[in-house]
Amino acid sequence: MAAHIDLRSDTVTRPTPEMRAAMAAAEVGDDVYGEDPTVNLLEKRAAEIFGREAALFVPSGTMGNEIAIRLHTRPGQEVICESRAHIFDWEMASVALFSGCLIRPVAAPRGILAWKHIEPAIFKRGPHRAPTGLIEMENTANLAGGSVTPLAVTEEIWANAKERNLPVHLDGARIFNAATALGTDVKTLTRGFDTVMFCLSKGLGAPVGSMLTGSAELMDQARLYRKALGGGMRQAGVLAAAGLIALEQGPKRLHEDHANARLLAEALSQMEGVAIDLDAVETNIVIFRMTGAPTGMLSAAELVARLKERGILGSTVGPDSIRLVTHRDVSRGDCVAAAEALTEIVESAAAHPTHAA
(Lines give C-alpha, C1' and ligand atoms only; values in the text may rest on other atoms or scores of the structure.)
Protein backbone atom coordinates (compact mmCIF):
# COMPACT_ATOMS: atom_id res chain seq x y z
CA MET A 1 0.00 0.00 0.00
CA ALA A 2 1.30 3.48 -0.80
CA ALA A 3 2.05 5.46 2.35
CA HIS A 4 -0.69 7.94 3.16
CA ILE A 5 -0.05 8.68 6.85
CA ASP A 6 3.51 9.92 7.25
CA LEU A 7 4.56 10.20 10.89
CA ARG A 8 8.32 10.06 10.33
CA SER A 9 8.87 13.78 10.90
CA ASP A 10 7.25 17.19 10.70
CA THR A 11 9.70 17.97 7.89
CA VAL A 12 7.56 16.06 5.38
CA THR A 13 4.78 18.63 5.04
CA ARG A 14 3.95 19.88 1.53
CA PRO A 15 3.58 23.59 0.77
CA THR A 16 0.01 24.82 1.09
CA PRO A 17 -1.76 26.33 -1.95
CA GLU A 18 -1.22 29.76 -0.36
CA MET A 19 2.50 29.07 -0.07
CA ARG A 20 2.74 27.89 -3.68
CA ALA A 21 0.98 31.01 -4.90
CA ALA A 22 3.26 33.24 -2.83
CA MET A 23 6.33 31.43 -4.10
CA ALA A 24 5.24 31.88 -7.71
CA ALA A 25 4.59 35.60 -7.21
CA ALA A 26 7.57 36.37 -4.95
CA GLU A 27 9.62 39.48 -5.62
CA VAL A 28 13.25 38.37 -5.79
CA GLY A 29 16.80 39.67 -6.03
CA ASP A 30 20.29 38.38 -5.33
CA ASP A 31 20.38 37.61 -1.62
CA VAL A 32 24.17 37.24 -1.55
CA TYR A 33 24.20 40.95 -2.35
CA GLY A 34 21.45 41.51 0.21
CA GLU A 35 19.03 42.50 -2.56
CA ASP A 36 16.22 39.97 -2.25
CA PRO A 37 13.28 41.94 -0.80
CA THR A 38 11.32 38.86 0.25
CA VAL A 39 14.29 37.38 2.13
CA ASN A 40 14.91 40.77 3.73
CA LEU A 41 11.29 40.93 4.88
CA LEU A 42 11.46 37.41 6.32
CA GLU A 43 14.64 38.26 8.22
CA LYS A 44 13.08 41.46 9.53
CA ARG A 45 9.94 39.68 10.76
CA ALA A 46 11.93 36.91 12.42
CA ALA A 47 14.05 39.47 14.25
CA GLU A 48 10.94 41.37 15.36
CA ILE A 49 9.15 38.28 16.63
CA PHE A 50 12.18 37.20 18.66
CA GLY A 51 13.03 40.71 19.84
CA ARG A 52 16.43 40.72 18.13
CA GLU A 53 18.39 43.21 16.10
CA ALA A 54 18.77 40.94 13.09
CA ALA A 55 18.15 37.50 11.61
CA LEU A 56 19.61 35.38 8.82
CA PHE A 57 17.79 32.99 6.47
CA VAL A 58 19.69 29.70 6.12
CA PRO A 59 18.91 26.53 4.13
CA SER A 60 18.76 24.24 7.19
CA GLY A 61 18.71 24.09 10.94
CA THR A 62 22.03 22.28 10.92
CA MET A 63 23.64 25.17 9.07
CA GLY A 64 22.10 27.66 11.50
CA ASN A 65 23.42 25.75 14.51
CA GLU A 66 26.88 25.32 13.05
CA ILE A 67 27.18 28.99 12.12
CA ALA A 68 26.18 29.94 15.66
CA ILE A 69 28.74 27.60 17.20
CA ARG A 70 31.43 29.06 14.95
CA LEU A 71 30.41 32.58 16.00
CA HIS A 72 30.79 31.86 19.71
CA THR A 73 33.84 29.59 19.88
CA ARG A 74 37.49 29.26 18.96
CA PRO A 75 39.19 26.04 17.82
CA GLY A 76 40.23 23.90 20.77
CA GLN A 77 37.26 24.72 22.99
CA GLU A 78 34.42 22.55 24.23
CA VAL A 79 30.68 22.92 23.62
CA ILE A 80 28.41 21.63 26.38
CA CYS A 81 25.12 20.09 25.28
CA GLU A 82 22.68 17.39 26.35
CA SER A 83 23.73 13.86 25.43
CA ARG A 84 20.89 13.42 22.89
CA ALA A 85 21.32 16.84 21.31
CA HIS A 86 20.93 17.26 17.56
CA ILE A 87 24.37 18.89 17.27
CA PHE A 88 25.91 15.80 18.87
CA ASP A 89 24.06 12.99 17.10
CA TRP A 90 22.72 14.36 13.83
CA GLU A 91 25.00 17.06 12.43
CA MET A 92 27.80 14.97 10.91
CA ALA A 93 30.47 15.96 13.48
CA SER A 94 30.32 19.47 12.05
CA VAL A 95 31.24 21.06 15.39
CA ALA A 96 34.68 19.47 14.98
CA LEU A 97 34.87 19.92 11.22
CA PHE A 98 33.79 23.55 10.96
CA SER A 99 34.58 25.03 14.38
CA GLY A 100 37.42 22.80 15.57
CA CYS A 101 35.64 22.18 18.87
CA LEU A 102 34.87 19.14 20.99
CA ILE A 103 31.36 18.41 22.23
CA ARG A 104 31.02 17.73 25.93
CA PRO A 105 27.71 15.79 26.19
CA VAL A 106 25.88 15.83 29.51
CA ALA A 107 22.99 13.47 30.29
CA ALA A 108 19.86 15.05 31.73
CA PRO A 109 16.43 13.57 32.50
CA ARG A 110 14.07 13.99 29.53
CA GLY A 111 16.78 15.94 27.74
CA ILE A 112 16.18 19.00 29.91
CA LEU A 113 19.53 20.56 30.82
CA ALA A 114 19.60 22.43 34.12
CA TRP A 115 22.46 24.39 35.65
CA LYS A 116 23.20 21.53 38.06
CA HIS A 117 24.00 19.34 35.03
CA ILE A 118 26.04 21.99 33.24
CA GLU A 119 28.20 23.41 36.02
CA PRO A 120 30.31 20.27 36.68
CA ALA A 121 31.13 20.06 32.95
CA ILE A 122 32.56 23.60 32.71
CA PHE A 123 36.34 23.82 32.46
CA LYS A 124 38.64 26.80 32.44
CA ARG A 125 41.72 27.15 30.31
CA GLY A 126 44.58 25.05 31.68
CA PRO A 127 47.49 22.81 30.73
CA HIS A 128 45.47 19.62 30.39
CA ARG A 129 41.82 20.40 29.61
CA ALA A 130 40.08 22.17 26.74
CA PRO A 131 38.17 25.19 28.07
CA THR A 132 34.42 25.54 27.73
CA GLY A 133 33.50 27.97 24.97
CA LEU A 134 29.73 27.59 24.66
CA ILE A 135 26.63 26.14 26.28
CA GLU A 136 24.08 24.79 23.78
CA MET A 137 20.48 23.95 24.62
CA GLU A 138 17.69 22.32 22.63
CA ASN A 139 14.03 23.23 23.18
CA THR A 140 12.09 21.13 22.47
CA ALA A 141 14.37 18.13 23.02
CA ASN A 142 13.85 16.00 19.93
CA LEU A 143 15.19 12.58 20.93
CA ALA A 144 13.90 12.99 24.47
CA GLY A 145 10.40 12.92 22.99
CA GLY A 146 9.80 16.61 22.38
CA SER A 147 10.12 17.57 26.04
CA VAL A 148 9.97 21.25 26.95
CA THR A 149 12.45 23.17 29.09
CA PRO A 150 10.57 25.43 31.56
CA LEU A 151 11.45 29.11 31.49
CA ALA A 152 12.67 29.11 35.11
CA VAL A 153 15.24 26.42 34.27
CA THR A 154 16.46 28.42 31.30
CA GLU A 155 16.64 31.65 33.31
CA GLU A 156 18.96 30.01 35.84
CA ILE A 157 21.26 28.92 33.03
CA TRP A 158 21.29 32.38 31.47
CA ALA A 159 22.19 34.04 34.77
CA ASN A 160 24.98 31.63 35.66
CA ALA A 161 26.42 31.56 32.16
CA LYS A 162 26.53 35.36 32.13
CA GLU A 163 28.48 35.38 35.40
CA ARG A 164 31.07 33.14 33.75
CA ASN A 165 31.10 35.06 30.44
CA LEU A 166 29.90 31.96 28.60
CA PRO A 167 27.63 32.42 25.57
CA VAL A 168 24.49 30.30 25.28
CA HIS A 169 23.00 29.17 21.94
CA LEU A 170 19.55 27.69 21.48
CA ASP A 171 18.74 25.02 18.96
CA GLY A 172 15.10 26.06 18.82
CA ALA A 173 14.17 23.95 15.82
CA ARG A 174 10.75 23.50 17.45
CA ILE A 175 10.76 26.50 19.81
CA PHE A 176 7.25 27.49 18.68
CA ASN A 177 6.05 24.06 19.89
CA ALA A 178 7.70 24.76 23.25
CA ALA A 179 6.06 28.19 23.45
CA THR A 180 2.67 26.67 22.62
CA ALA A 181 3.05 24.01 25.31
CA LEU A 182 4.11 26.58 27.93
CA GLY A 183 1.48 29.15 26.92
CA THR A 184 4.04 31.88 26.32
CA ASP A 185 5.70 33.60 23.35
CA VAL A 186 9.05 32.84 21.76
CA LYS A 187 10.48 36.27 22.60
CA THR A 188 9.99 35.65 26.31
CA LEU A 189 11.17 32.06 26.09
CA THR A 190 14.43 32.93 24.30
CA ARG A 191 15.33 36.43 25.50
CA GLY A 192 18.52 35.42 27.34
CA PHE A 193 20.19 33.41 24.57
CA ASP A 194 23.02 34.97 22.59
CA THR A 195 21.73 33.34 19.40
CA VAL A 196 18.62 31.36 18.52
CA MET A 197 18.09 29.04 15.56
CA PHE A 198 14.57 27.96 14.64
CA CYS A 199 13.19 25.93 11.75
CA LEU A 200 10.55 27.10 9.32
CA SER A 201 10.43 23.65 7.72
CA LYS A 202 9.30 21.60 10.73
CA GLY A 203 6.06 22.26 12.59
CA LEU A 204 5.57 25.65 10.94
CA GLY A 205 5.21 23.86 7.60
CA ALA A 206 7.50 25.67 5.15
CA PRO A 207 9.14 23.54 2.44
CA VAL A 208 12.70 24.76 3.13
CA GLY A 209 14.66 26.88 5.53
CA SER A 210 15.58 27.97 9.02
CA MET A 211 16.44 31.24 10.73
CA LEU A 212 19.31 32.34 12.95
CA THR A 213 18.66 35.37 15.15
CA GLY A 214 20.94 37.55 17.26
CA SER A 215 22.67 40.90 17.36
CA ALA A 216 23.34 42.83 14.16
CA GLU A 217 27.08 42.37 14.66
CA LEU A 218 26.77 38.60 15.03
CA MET A 219 24.44 38.28 12.05
CA ASP A 220 26.84 40.27 9.85
CA GLN A 221 29.54 37.71 10.63
CA ALA A 222 27.04 34.86 10.32
CA ARG A 223 26.33 35.94 6.75
CA LEU A 224 30.00 35.37 5.90
CA TYR A 225 30.01 31.93 7.51
CA ARG A 226 26.83 31.05 5.62
CA LYS A 227 28.63 31.85 2.38
CA ALA A 228 31.64 29.78 3.46
CA LEU A 229 29.33 26.80 4.00
CA GLY A 230 27.75 27.16 0.56
CA GLY A 231 24.56 28.73 1.86
CA GLY A 232 24.41 31.77 -0.40
CA MET A 233 21.10 31.12 -2.17
CA ARG A 234 20.83 34.02 -4.66
CA GLN A 235 17.13 34.49 -5.66
CA ALA A 236 15.92 32.84 -2.48
CA GLY A 237 12.74 34.91 -2.23
CA VAL A 238 10.81 32.03 -3.76
CA LEU A 239 11.63 30.08 -0.58
CA ALA A 240 11.34 33.01 1.81
CA ALA A 241 7.80 33.69 0.58
CA ALA A 242 6.67 30.33 1.92
CA GLY A 243 8.72 30.93 5.05
CA LEU A 244 6.85 34.15 5.76
CA ILE A 245 3.51 32.37 5.63
CA ALA A 246 4.86 29.60 7.85
CA LEU A 247 6.19 32.12 10.37
CA GLU A 248 2.96 34.12 10.57
CA GLN A 249 0.42 31.31 10.39
CA GLY A 250 2.16 28.10 11.45
CA PRO A 251 2.27 28.73 15.21
CA LYS A 252 -1.51 29.21 15.40
CA ARG A 253 -2.28 25.53 14.80
CA LEU A 254 0.52 23.74 16.66
CA HIS A 255 -1.84 22.88 19.52
CA GLU A 256 -3.62 20.54 17.10
CA ASP A 257 -0.41 18.60 16.51
CA HIS A 258 0.13 18.36 20.26
CA ALA A 259 -3.37 16.98 20.79
CA ASN A 260 -2.86 14.41 18.04
CA ALA A 261 0.45 13.30 19.56
CA ARG A 262 -1.30 12.90 22.88
CA LEU A 263 -3.94 10.71 21.25
CA LEU A 264 -1.25 8.40 19.88
CA ALA A 265 0.62 8.34 23.19
CA GLU A 266 -2.45 7.46 25.22
CA ALA A 267 -3.30 4.63 22.83
CA LEU A 268 0.25 3.29 23.08
CA SER A 269 0.15 3.42 26.88
CA GLN A 270 -2.65 0.83 26.84
CA MET A 271 -0.66 -1.71 24.81
CA GLU A 272 1.07 -4.73 26.31
CA GLY A 273 4.76 -4.81 25.47
CA VAL A 274 5.00 -1.06 24.90
CA ALA A 275 6.71 1.37 27.28
CA ILE A 276 5.99 5.09 27.08
CA ASP A 277 6.35 8.01 29.48
CA LEU A 278 3.07 9.86 29.06
CA ASP A 279 4.28 12.83 31.06
CA ALA A 280 7.08 13.36 28.53
CA VAL A 281 4.64 13.78 25.62
CA GLU A 282 4.25 17.53 25.77
CA THR A 283 4.40 18.55 22.12
CA ASN A 284 4.24 16.80 18.72
CA ILE A 285 6.76 13.99 19.22
CA VAL A 286 5.99 10.52 20.58
CA ILE A 287 8.83 8.14 21.41
CA PHE A 288 8.07 4.68 22.77
CA ARG A 289 9.91 1.41 23.35
CA MET A 290 9.10 -2.17 22.50
CA THR A 291 9.92 -3.96 25.76
CA GLY A 292 10.38 -7.47 24.37
CA ALA A 293 7.67 -8.85 26.65
CA PRO A 294 5.78 -11.03 26.11
CA THR A 295 8.41 -13.30 24.57
CA GLY A 296 8.79 -12.79 20.86
CA MET A 297 7.45 -9.26 20.85
CA LEU A 298 8.14 -7.13 17.79
CA SER A 299 11.37 -5.21 17.44
CA ALA A 300 11.22 -1.53 16.54
CA ALA A 301 12.25 -2.24 12.94
CA GLU A 302 9.62 -4.97 12.60
CA LEU A 303 6.86 -2.73 13.91
CA VAL A 304 7.85 0.06 11.54
CA ALA A 305 7.86 -2.41 8.66
CA ARG A 306 4.37 -3.66 9.53
CA LEU A 307 3.06 -0.13 9.82
CA LYS A 308 4.47 0.61 6.37
CA GLU A 309 2.52 -2.33 4.95
CA ARG A 310 -0.60 -0.50 6.13
CA GLY A 311 0.45 2.79 4.61
CA ILE A 312 1.74 4.35 7.83
CA LEU A 313 5.32 5.60 8.16
CA GLY A 314 7.28 5.91 11.40
CA SER A 315 10.96 5.99 12.34
CA THR A 316 13.22 3.84 14.48
CA VAL A 317 15.46 5.81 16.84
CA GLY A 318 17.20 2.81 18.36
CA PRO A 319 16.95 -0.98 18.33
CA ASP A 320 13.80 -0.96 20.45
CA SER A 321 12.58 2.64 20.12
CA ILE A 322 10.20 4.28 17.64
CA ARG A 323 9.43 7.92 16.98
CA LEU A 324 6.16 9.30 15.63
CA VAL A 325 5.78 13.01 14.82
CA THR A 326 2.50 14.80 14.17
CA HIS A 327 2.20 17.77 11.83
CA ARG A 328 -0.11 19.75 9.56
CA ASP A 329 -0.40 17.01 6.93
CA VAL A 330 -1.76 14.35 9.30
CA SER A 331 -5.31 14.86 10.48
CA ARG A 332 -7.04 13.77 13.65
CA GLY A 333 -8.61 10.97 11.67
CA ASP A 334 -5.19 9.88 10.39
CA CYS A 335 -3.91 9.66 13.95
CA VAL A 336 -6.95 7.65 15.04
CA ALA A 337 -6.28 5.26 12.14
CA ALA A 338 -2.61 5.03 13.07
CA ALA A 339 -3.48 4.30 16.71
CA GLU A 340 -5.87 1.56 15.62
CA ALA A 341 -3.25 0.02 13.34
CA LEU A 342 -0.66 0.09 16.12
CA THR A 343 -3.07 -1.59 18.50
CA GLU A 344 -3.92 -4.33 16.01
CA ILE A 345 -0.27 -5.02 15.13
CA VAL A 346 0.95 -5.11 18.73
CA GLU A 347 -1.98 -7.19 19.98
CA SER A 348 -1.51 -9.66 17.14
CA ALA A 349 2.18 -10.02 17.94
CA ALA A 350 1.39 -10.58 21.62
CA ALA A 351 -1.20 -13.20 20.77
CA HIS A 352 1.11 -15.00 18.34
CA PRO A 353 4.63 -14.46 19.74
CA THR A 354 6.25 -17.21 17.67
CA HIS A 355 5.34 -15.27 14.50
CA ALA A 356 6.63 -11.92 15.73
CA ALA A 357 10.36 -12.65 15.69
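Criteria and cut-off values
- Along each chain, residue indices are assigned from 1 in the same order as the chain's sequence is written.
- Reporting in this predicted model follows two pLDDT cut-offs: at least 70 for local features of residues, and 80 or more for side-chain atom pairs to be given and counted; totals over whole chains, interfaces and linings ignore these cut-offs and use all residues.
- The basis for the side-chain values is all heavy atoms of the structure; hydrogens and waters are excluded.
- Between buried and exposed lies partly exposed: a residue is buried under 20% and exposed over 50% of the maximum accessible area for its type, with that area taken using a 1.4 Å probe on protein chains only.
- Only DSSP runs of H or I with at least four residues qualify as helices, and only runs of E with at least two residues qualify as strands; both kinds are numbered from the N terminus onward.
- By the convention used here, strands pair only if DSSP detects at least 2 bridges between them.
- Salt bridges, as used here, are contacts in which a Lys or Arg side-chain nitrogen is within 4 Å of a carboxyl oxygen on Asp or Glu.
- Points on a 1 Å grid over protein atoms alone make up a cavity when a 1.4 Å probe fits among them but cannot get out, and a pocket when they form an open set with protein on both sides within 12 Å along at least five of seven lines; lining residues each have an atom within 4 Å of a point.
- Grid points are joined across faces, edges and corners, and a volume is the space filled by probe spheres set on the points.
- Ten residues, namely Ala, Val, Leu, Ile, Met, Phe, Trp, Tyr, Cys and Pro, are considered nonpolar, four, namely Asp, Glu, Lys and Arg, are considered charged, and the remaining ones, Gly among them, are considered polar.
- In this description, a nonpolar core means a group of buried Ala, Val, Leu, Ile, Met, Phe, Trp, Tyr and Cys residues linked to one another through side-chain atoms lying within 4.5 Å.
- Contact definition: two residues touch when any of their heavy atoms are within 4.5 Å.
- One less than the number of residues in a helix, times 1.5 Å, gives the span that helix is expected to have.
- Axis definition: a line fit to C-alpha positions, over the contact stretch in the case of helices; interaxial angles, taken between N-to-C directions, run 0 to 180 degrees.
- Just so you know how the angles are binned, under 35 degrees is roughly parallel, over 145 roughly antiparallel, 65 to 115 roughly perpendicular, and the rest oblique.

### Brief notes about the pairing of strand S13 (residues 321-325)
On a regular strand, one side chain projects to one face of the sheet and the next to the other, so that they alternate.
For step 1, the next point in the chain: Burial of S13 is extensive: five of the five residues sit out of reach of the surface.
For step 2, the next point in the chain: The alternating pattern of S13 places Ser321, Arg323 and Val325 and Ile322 and Leu324 on opposite faces, both of which are buried.
For step 3, the next point in the chain: For strand S10 (residues 285-290) and S13, the ladder comprises five bridges, and the chain directions are antiparallel. Paired with Ile287 across the two strands is Arg323, which belongs to S13.
For step 4, the next point in the chain: In this sheet, S13 lies alongside strand S12 (residues 315-316) in antiparallel orientation, the contact comprising two bridges.

### Regarding the pattern of salt bridges
For step 1, the next point in the chain: Evaluated as defined, the whole model comprises 19 salt bridges.
For step 2, the next point in the chain: Asp329 is the partner of Arg328 in a salt bridge, and the nearest nitrogen-oxygen pair spans 3.5 Å.
For step 3, the next point in the chain: In this structure Asp329 comes out as partly exposed when scored by relative accessible area, which is 33%.
For step 4, the next point in the chain: If you follow the salt bridges from partner to partner, you end up with Arg45, Glu48 and Glu248 in one network.

### Examining the layout of surface pockets
For step 1, the next point in the chain: In this model, the largest pocket occupies a volume close to 220 Å³.
For step 2, the next point in the chain: Along its surface, the largest pocket is lined by 16 residues, and Ala144, Ile276, Asp277, Ala280 and Ile287 are the ones closest to its centre.
For step 3, the next point in the chain: Element by element, the count of residues in the lining of the largest pocket is highest for S10, at five residues.
For step 4, the next point in the chain: Partitioning the lining of the largest pocket into residue classes produces ten nonpolar, two polar and four charged.

### Description of empty space enclosed by the protein
For step 1, the next point in the chain: For the structure shown, the criterion picks out three cavities of 30 Å³ or more.
For step 2, the next point in the chain: Computed from the structure, the largest cavity encloses a volume of approximately 50 Å³.
For step 3, the next point in the chain: Surrounding the largest cavity, Glu82, Arg84, Ala85, Gly111, Glu138, Ala141, Asn142, Leu143 and Ala144 form its lining.
For step 4, the next point in the chain: Of the residues in the lining of the largest cavity, the class split is four nonpolar, two polar and three charged.

### Things to note about the nonpolar core
For step 1, the next point in the chain: Ranked by size, the top nonpolar core spans 46 residues in total, and within it Ile175, Phe176, Phe198 and Leu200 carry the most contacts.
For step 2, the next point in the chain: Here this core takes six residues from helix H11 (residues 237-249), the largest share from any one element.
For step 3, the next point in the chain: Ignoring anything within four residues of it in the chain, the contact list for Phe198 reads Ala46, Phe50, Gly172, Ala173, Ile175, Phe176, Ser210, Met211, Thr213 and Leu247.
For step 4, the next point in the chain: Core analysis: the second largest hydrophobic core is formed by 31 residues, Ala265, Leu298, Leu303 and Ala341 among them.

### What about the side chain of Glu78?
For step 1, the next point in the chain: Looking at where Glu78 falls in the secondary structure, it is placed in strand S3 (residues 78-82).
For step 2, the next point in the chain: Exposure remark for Glu78: the relative accessible area of 2% places this residue in the buried category.
For step 3, the next point in the chain: If we ignore the near neighbours within four places in the chain, the residues touching Glu78 are Leu102, Arg104, Ala121, Phe123, Ala130, Pro131, Thr132, Gly133 and Leu134.

### Examining unusual backbone geometry
For step 1, the next point in the chain: Residues Asn139 and Thr140 are joined by a peptide bond in cis, for which omega reads 10 degrees.
For step 2, the next point in the chain: On the secondary structure map, Thr140 appears in the loop between strand S5 (132-138) and helix H7 (151-163).
For step 3, the next point in the chain: Phi at Met92 takes a positive value of approximately 60 degrees, unusual for a residue other than glycine.
For step 4, the next point in the chain: Look at Arg234: it is not a glycine, yet its phi comes out positive at around 55 degrees.
For step 5, the next point in the chain: When you line up the elements, Arg234 lands in the loop between helix H10 (216-228) and H11.

### Section: the environment of Leu151
For step 1, the next point in the chain: In this structure, Leu151 sits in helix H7.
For step 2, the next point in the chain: Leu151 has contacts with Trp158, Leu182, Thr188, Leu189 and Arg191, leaving out every residue within four places of it along the chain.

### A few points about H7
For step 1, the next point in the chain: End to end, H7 covers 19 Å across 13 residues, agreeing with the expected 18 Å (1.5 Å per residue, within 8%).
For step 2, the next point in the chain: Lining the buried residues of H7 we find helix H6 (115-118), S5, strand S6 (168-171) and helix H9 (186-190).
For step 3, the next point in the chain: Of the residues flanking the end of H7, it is Asn165, one or two places downstream, whose phi is positive at about 55 degrees.

### Focus on the packing of helix H8 (residues 175-182) against helix H12 (residues 254-269)
The relative placement of two packed helices comes down to the angle between their axes together with the axis-to-axis distance.
For step 1, the next point in the chain: At a closest axis distance of 9 Å, the pairing of H8 and H12 adopts a crossing angle of 80 degrees. Classified by the angle between their axes, H8 and H12 sit roughly perpendicular to one another. Residue-level inspection shows Phe176, Asn177, Thr180 and Ala181 of H8 in contact with H12, the latter providing Leu254, His255 and His258.
For step 2, the next point in the chain: A class-by-class count of the residues in the contact of H8 with H12 yields three nonpolar, four polar and no charged.

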